[in-house]
Amino acid sequence: MERDPEKDRGRRRRRAVVTVGATGRGPGMALRLLIRTPLLLMGLLMAGLAQVPVPASAPRGFWALPENLTVVEGAAAELWCGVSAPGSTVQWAKDGLLLGPDPRIPSFPRYRLQGDPTKGEFHLHIEACDLSDDAGYECQVSRSETGPELVSPRVILSILVPPKVLQLTPEAGSTVTWVAGQEYLVSCVSGDAKPAPDITFLLSGQTISDISANVNEGSQEKLFTTEATARVTPQSSDNGQLLVCEGSSPALDTPIKASITMNVLFPPGPPVIEWPGLDEGHARAGQNLELLCMARGGNPLATLQWLKNGQPVSTAWGTEHAQAVARSTLVMIVRPEDHGARLSCEAYNSVSTGIQERGVTLQVTFPPSAITILGSASQSENKNVTLSCITKSSRPRVLLRWWLGWRQLLPTEETVMDGLHGGHISMSNLTFLARREDNGLTLTCEAFSEAFTKETFKKSLTLNVKYPAQKLWIEGPPEGQRLRAGTRVRLDSRTVTEPRPPQEPRRVQLGSLEKSGSTFSRELVLITGPSDNQAKFTCKAGQLSASTQLVVQFPPTNVTILANASALRPGDALNLTCVSVSSNPPVNLSWDKEGERLEGVAATPRSAPFKGSAAARSVLLRMSSRDHGHRVTCRAHSTELRETVSAFYRLNVLYPPEFLGEQVLVVTAVEQGEALLPVSVSANPAPEAFNWTFRGYRLSPAGGPRHRILSGGALQLWNVTRADDGLYQLHCQNSEGTAEALVRLDVHYAPIIRALQDPTEVNIGGSVDIVCTVDANPILPEMFNWERLGEEEEDQSLDDMEKISKGSTGRLRIHHAKLTQAGAYQCIVDNGVAPPARGLVRLVVRFAPHVEHPSPLTKVAAAGDSTSSATLHCRARGVPNIVFTWTKNGVPLDLQDPRYTEHTYHQSGVHSSLLTIANVSAAQDYALFTCTATNPLGSDHTDIQLVSISRPDPPLGLKVVSMTPYSVGLEWKPGFDGGLPQSFQIRYEALGTPGFLYMNVLPPQATTFTLTGLQPSTRYRLWLLASNALGDSGLADKGSQISVTTPGLDQPSGEPDYQLPTEQPAGPSKLPLLPVLFAVGGLLLLSNASCVGGFLWQRRLKRLAEGISEKTEAGSEEDRVRNEYEESQWTGDRDTRSSMVSTTDVEPYYHSMRDFSPQLPPTLEEVSYPRGLTGLEEENMTFPGHVYDEVERLYAPSGAWGPLYDEVPMGSCDLYWPEDRYEDARGIYDQVAGDLDPMEPDALPFELRGQLV
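Predicted, not measured: the structure shown is a model, and the values here were computed from it.

Cut-off values and rules
- Residues numbered from 1 in each chain as written.
- Predicted model: local features only at pLDDT ≥ 70, side-chain atom pairs only at ≥ 80, totals over all residues.
- Heavy atoms only, no water.
- Salt bridge = Lys/Arg side-chain N within 4 Å of Asp/Glu carboxyl O.
- Helix = DSSP H or I, 4+ residues; strand = E, 2+ residues; numbered from the N terminus.
- Buried < 20%, exposed > 50% of the residue type's maximum accessible area, 1.4 Å probe, protein only.
- Pairing = 2+ DSSP bridges.
- Axes fitted to C-alpha atoms, helices over the stretch in contact; angles between N-to-C directions.
- Disulfide = S-S within 2.5 Å.

K.L.:
Sorry if this is basic, but what is going on with the pattern of salt bridges here?
P.N.:
Where charged atoms of side chains with opposite charge meet at close range, the side chains can pair. Overall, the coordinates contain 42 salt bridges when judged by the stated rule. Among the salt bridges present, the one from lysine 194 reaches aspartate 134, with a minimum N-O distance of 2.9 Å. Here aspartate 134 lies in the loop between β8 (123-126) and β9 (135-141) and lysine 194 lies in the loop between β14 (184-190) and β15 (198-203), a separation of 60 residues in the sequence. Across the pair, exposure class does not vary: lysine 194 and aspartate 134 are buried alike. The salt bridge involving arginine 899 is made with aspartate 925; its shortest N-O contact spans 2.9 Å.

K.L.:
Sorry, what's going on with the pairing of strand β28 (residues 342-348) here?
P.N.:
Sheet faces and side chains relate simply in a regular strand, where the side chains alternate between the two faces. Taken across its seven residues, β28 has five buried, putting it largely inside the fold. One ladder, built from six bridges, connects strand β24 (residues 303-308) with β28; its direction is antiparallel. Counterpart to leucine 304 in the pairing with β28 is alanine 347. Sheet analysis places β28 next to strand β29 (residues 356-361), joined by six bridges and oriented antiparallel. Bridge pairing in β29 places arginine 342 opposite threonine 361.

K.L.:
Explanation requested: the sheet that holds strand β65 (residues 715-718) in the structure shown.
P.N.:
Ordered by their spatial adjacency, three strands build an open sheet running β60-β65-β64, and the pairing between neighbours is antiparallel. Each edge of the open sheet carries a strand with a single partner, namely β60 (674-677) and β64 (707-709). With direction set aside, neighbouring strand axes in the sheet form an average angle of 15°. Pairing of β60 with β65, which is carried by four bridges, proceeds in the antiparallel orientation.

K.L.:
Before we go on, may I ask you to explain the state of the cysteines in this structure?
P.N.:
By definition, a disulfide links two cysteine residues through a covalent bond between their sulfur atoms. Counted according to the given criterion, the structure contains seven disulfides. Between the sulfur atoms of cysteine 81 and its disulfide partner cysteine 139 the distance amounts to 2.0 Å. On the sign convention where negative is left-handed, the bridge of cysteine 81 and cysteine 139, at about -70° about the S-S bond, is left-handed. With a gap of 58 residues between them, cysteine 81 in the loop between β3 (77-79) and β4 (82-84) and cysteine 139 in strand β9 connect regions that are remote in the sequence. Two residues share a disulfide in this structure: cysteine 578 and cysteine 634, whose sulfurs sit 1.9 Å from each other. Taking the torsion about the sulfur-sulfur bond, which here is approximately -80°, the covalent link between cysteine 578 and cysteine 634 counts as left-handed. Of this pair, cysteine 578 sits in strand β51 (residues 573-583) while cysteine 634 sits in strand β56 (residues 631-638); the two residues are 56 residues apart in sequence, bridging distant segments of the chain. Classification of cysteine 634 by relative accessible area gives buried; the value is 0%.

As far as function goes, none of this settles anything; it's purely spatial.
Put into structure tokens, the structure is as follows:
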């Protein structure tokens, strides 16, 4: 809360309290002071006796007192306290607890003293008030020399806590469904608040009066909750409105609210039917009537249905929520039977107390559906015709009238009767005299009514007045004309008057009576047949008649074959007779059997029906089993008609089973597949049983796990194995006899390698066969194939080997075996049945040992201080295993000496010996060691010189690899590093320009470098220096210097132009005298300094050497542990994991023993054989890197000519080292350099600077 401090200060100054002694406060105040005195003293001690300087002469008292204050939780509050008390300490008390005189009030981070203490302002300011600040506060002034303590009146700081939430039941924000007119209880509970909030309910914006409220204690002291309950009776107008609970409090600017949405259910309004037109209920039969029923209001909207006479006819309806209306349309075709029906529309919903209905009764107008004339309109002339006209029911009734032509006839009688559906039936009788001139006129009965003015209903007849005929004749084919059976013939009978209907024979179509003037005609249409041959047709009209006769030609009406026997067997004789019953003209008979003509014997002709001719012919046949099922055909051919009628007789010959020529005797199947042994047998009757036997065992006719006998006798096998191969016997039987056949099942199966000698060994230069024996079916001459496994294509060639195949054995013959032929081979056998068989075999070419010694001499450097150790490596290739022996200066080495330890490892064709020398002594161990490798085929050796740690040897083979006008690319090979990390430096000069320039090679162990900053068309001389901690290699070696000339800017950069160093011409020195004198004097000063320095360092040398030696051993052990399981890597002529550098043939072979820790390979039992070949080869070596492959068991593969020992512990896939995992040889000595303490080269102990041996 904010106040005007100046106004409050003046007001409170006027109400200042004068100084009052302790005794004036009464005993209670004195006791309270006694209790608070210790607390006050503690506050004074904590605050460092903070005092407010006030003039000593000023009177003591309050010039501003605090007042009761009310703030809302979270707001800031400030209690005023103005004091005139020089030399006193002022502090506030909260419910008796002293807050201390420190203006920051550390125990209460939100509290602080506000105002200027020099003016006596000690206002208590509280930030972000909460309920814990709701308490009583006093401003207290400590006792001083000028007066007693002062305490302000106790004021109350009231914290108003607004309610944070209202809990509404039903849940706030939800939608409740209520029924209009029913009472419901709604409760609303406020959250914790101070003071208790007031709760009101609003229903559709109107305050609810029926509310009961209770105030309860809150979750904390001083907090309260209010629970209010309201009784609500919703109405239909409240549907969709909000029921709101409002909580108001002095701590709130605006009330908080919680609401629910009311979904009030109430019944719909009554339904309304919209009738088309003015006359409700009136409709006409056939009318398409559409009636709309609507019901407004209701929640949910009304459900509508149409009923007809109380029975539902439509239950479809639609709703429009925006207009709150439900609609249902009844569409019907009005029919006469709908007259008097009641149509009603019902409306209701889920809260309706009853069904609301609106109904309409139909009044249907309908005409007569038909008019019927009873009686005959045909009568002889001068006689009465009597007719009756009757209508179907109609509403209203119709009137009837008669018309003859255009003349109206008067009825003799009219009658009206009640009809169906509330209608009426009208009937009119008519009698009149038939006259010849009325013949053919139309007689009409017409119905009419005023209700159907636009419609006419009539029924008409044609009056037929009969009178005698005067002439009759037939028009048709002339007599004697031959007609083909099946011809359509028209006979037209004509008379002057109407004739009587003639007799109608079969296949006759009698046409209608037609009149043309005074002539009447009737047509007779018939399809001629054999029975019409020479038949007479007569037409009669009254007493008149006319006749005609037809001649019809027809083929045989029936051809029949007669047999003298029914059961036939091979060898029986069969006599067949063919009879043609009747034909016109006569026919010729012939016989054939399945297209083969038979000679027959003609029989005597007989009489035939239809006045035709009959014929017969016989044939005699001898039966065989092949005749079964054949047809013997008799053909009756009419030459004149060009038509043939045939009949056949199927032969049924009984015979025992006979196997046909297409019977399959050999069936081929693939192992694990299916096989079907078919049966091609002929028998009559069909075989009664098919019995299969295999190797003397009968197969069950009911089937088995792997076979079943099909209905036709075929044998089906599945999951065929090679054991199913063989002869199967089939036995067939019927009532006439038996038959047998043998069927062979040939099971083909994939090849399986039964024998493959692995490994196959041969001495170098010898011959050997790699033999591969298989079990397969079928055996094919070209099913053997051989492959050589290797990474390079040239490694896979088999051109120098001979492939031999005989039966189930294949051979790969090697003549004059070479080392390049050693490795893995694969025998592949494919006989067409998948999968092909594959077998791996290793060819081991035995050869004499070959020790790796790329130079005549190998150096190993070690400190000869009797504390260091050295390891000599010796690796050789050879098969079979190699035995190593060591000599020192030609004398066999005594390996029983504890200072010497040898470890031998064998992996594939690579064998290694590690000789470790402990406590290397310069006097005893700086010698020439010889390693000899021996196996039954020969021996080989190499020499290793153990020397002292020294300065590095000069680099070798310095050459230019690229050149531009401003740069030169250099490449070299590092020399012996002296056993310490070495780096390189380039010194160069431009000829004709005084002075030298230097460039350090980075990284330090790099062997290539591009020297930049040169000038075009300038000749330079370059030197390459190698240095380590003991010094540099010097400039004496000609191989470490070179001369080059950079190209001009107009010249393309081409081959480097450089010259090897040459001797300088002899001649007098042209050096000036003064620089020489300065140089001599400098050398003398350096010499004296060296002597003094050597004396001072003498006492530290051994201790420093021992420390470096111990660190060296520790680093070696750490490196050994770190590299024990790392993969080995090959970089051509460099081993990146040991302190060794291999150079060309003309260079020494050096080993640095600094931090050398060889990795031990697994023993032969632990070797895991990898699956790949490297194909890597070392330059200038006579043996390939892939002599042995992954399938070798006796000699595990070595991979390539790589590091001596680091690659020995290989994994199963370590023989192929990717290019991107190679390490640069420049990092060979990085580990050694990392283990040395940083020091200047001159600070190296004398023991490590090298010794003279």
